[in-house]
Amino acid sequence: MPQTPDLPPDWHAFETAYDVEATWFRLASASLAVLGASPFKDQAFSAFAFNAVSFPSLSLSFDTDPDNRQRDDYPPDWSNECMEDDVPEIGQLWEAGHARIEGALRELIDAADDELLCAIEEGYLHSLRKTMVRLEASQAFEQIKTCTRFWTVVTQVDADTDEEERLLEQVRLMHD
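With an unreviewed UniProt entry as reference, the protein chain is termed DUF4303 domain-containing protein, source organism Janthinobacterium svalbardensis.

Rendered as structure tokens:
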């Protein structure tokens, strides 16, 4: 029996009902502020990812080696694959702010057939890309130290990095 009555039937309706993108933006911005004041405050980061490690779970991944990309070591072995574990305050922030969305999303996934599941996952990733572009446009990454060539991506395990970059660039172009 679902705990969430009248669960929205698709990603767009779900995203709207749960204000997902705005919540992710708020949580990610706050996480960057926490990171910028944490023991990592002097660390220069070369990359950041919304890492959809196991749909619908999400991790904030950071890399510190600016040469990884030049060496084609992407996707990288993230220096901090789950920053929410490395900085407990970030983990607490996401646990409190994302639990309702993640729980309802799990219910939606459990109730979905294969076709709907694919559409939900693609909508989820697209919303993460839109959130990433919004973070970039708002200069949210200025709250942490970054390398000159700071790279952002929305990724999943074993995903095609070139395709991920292409899809994120499409969203950037739509945002301009």
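Go over the environment of Glu 15, please, and point to the residues and values.
As for its position among the elements, Glu 15 is in helix H1 (residues 11–18). A relative accessible area of 13% means that Glu 15 is categorised as buried. Separated by 148 residues in sequence, Glu 15 and Glu 163 have C-alpha atoms that sit 23 Å apart. Once residues lying within four places of it in the same chain are set aside, the contact partners of Glu 15 are Val 20, Glu 21 and Ser 127.

How would you explain the pattern of salt bridges if you had to name every residue and give the values?
Under the criterion given, the structure shown has seven salt bridges. A salt bridge links Lys 145 to Asp 42; the nearest nitrogen and oxygen atoms lie 3.7 Å apart. Of this pair, Lys 145 sits in strand E3 (residues 145–156) while Asp 42 sits in the loop between helix H2 (20–36) and strand E1 (44–54); the two residues are 103 residues apart in sequence, bridging distant segments of the chain. Residue classification places Asp 42 among the exposed residues on the basis of a relative accessible area of 57%. The salt bridge partner of Arg 129 is Glu 122, with a shortest N-O separation of 3.2 Å. On the basis of relative accessibility, which here comes to 40%, the residue Glu 122 falls in the partly exposed class. Among the ionic contacts, a cluster of salt bridges with common partners joins Glu 136, Glu 169 and Arg 172.

Describe unusual backbone geometry, listing the residues and the values that go with them.
With phi around 50 degrees, Asp 19 is a residue other than glycine that occupies positive phi space. Position of Asp 19 among the secondary structure elements: in the loop between H1 and H2. Among the residues examined, Asp 19 registers a relative accessible area of 46% and is labelled partly exposed. Even without a glycine there, the phi angle at Gln 139 is positive, about 60 degrees. Assignment of secondary structure puts Gln 139 in the loop between helix H5 (114–137) and E3. Owing to a relative accessible area of 45%, Gln 139 belongs among the partly exposed residues under this scheme.

If you had to explain the side chain of Glu 164 to someone new, which residues and values would you point to?
Relative to the assigned elements, Glu 164 resides in helix H6 (residues 161–175). Arg 129 provides the closest opposite charge to the buried, salt-bridge-free Glu 164, at an N-O distance of 6.9 Å. Non-local contacts of Glu 164, meaning those with residues more than four positions away in its chain, are made with Val 153, Val 154, Thr 155, Gln 156 and Ala 159.

Rules and cut-offs
- Residues numbered from 1 in each chain as written.
- Predicted model: local features only at pLDDT ≥ 70, side-chain atom pairs only at ≥ 80, totals over all residues.
- Heavy atoms only, no water.
- Helix = DSSP H or I, 4+ residues; strand = E, 2+ residues; numbered from the N terminus.
- Buried < 20%, exposed > 50% of the residue type's maximum accessible area, 1.4 Å probe, protein only.
- Contact = heavy atoms within 4.5 Å.
- Salt bridge = Lys/Arg side-chain N within 4 Å of Asp/Glu carboxyl O.
- Lys, Arg positive; Asp, Glu negative; His and termini not counted.

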